[in-house]
Amino acid sequence: MTNNQKKLLANGLFIAGGIAILGLLLDAPSETTRPLPHDQNHERFMTMDKKEAERFCEECHAPDKQMPLPATHPPPNRCLFCHKRK
């Protein structure tokens, strides 16, 4: 195999890989996680740093509080990683 053929093969594989990745990204499911509500209860968290705001989530969303997380909810340690602020 000549040097030009190797370059052509490498470029072809690179392009094919890029097209495959693009296809996977375009076929990805839409976001299903509910955003952080923009209501009176959550208003103070809209301008806070994410890590700072997450420290307050369990005040309402702990198992024994007013809005506990469902049993199927993933570990609640990074709330604003999934629940985006509007």
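Residues numbered from 1 in each chain as written. Predicted model: local features only at pLDDT ≥ 70, side-chain atom pairs only at ≥ 80, totals over all residues. Heavy atoms only, no water.

Engineer: Report on the side chain of H42, specifying residues and quantitative values.
Structural biologist: When you line up the elements, H42 lands in the loop between α1 (3-26) and α2 (50-54). When neighbours within four sequence positions are excluded, H42 is seen to be in contact with L36, P37 and H61. (Helix = DSSP H or I, 4+ residues; strand = E, 2+ residues; numbered from the N terminus. Contact = heavy atoms within 4.5 Å.)

Engineer: Tell me about the pattern of salt bridges, and name the residues and values.
Structural biologist: Using the criterion set out here, one finds two salt bridges in the structure. In this structure, E59 engages R44 in a salt bridge whose closest nitrogen and oxygen atoms are separated by 3.1 Å. With E59 in helix α3 (residues 58-61) and R44 in the loop between α1 and α2, the pair connects residues that are 15 residues apart, well separated along the chain. Taking relative accessible area as the criterion, E59 reaches 44% and is therefore assigned partly exposed. Between R78 and E54 there is a salt bridge, with its nearest N and O atoms 3.4 Å apart. Of the two residues, R78 is situated in the loop between α3 and α4 (79-82) and E54 in helix α2; the sequence distance between them amounts to 24 residues. Judged by relative accessible area, which is 35%, R78 ranks as partly exposed. The class for E54 is buried, based on a relative accessible area of 12%. (Salt bridge = Lys/Arg side-chain N within 4 Å of Asp/Glu carboxyl O. Buried < 20%, exposed > 50% of the residue type's maximum accessible area, 1.4 Å probe, protein only.)

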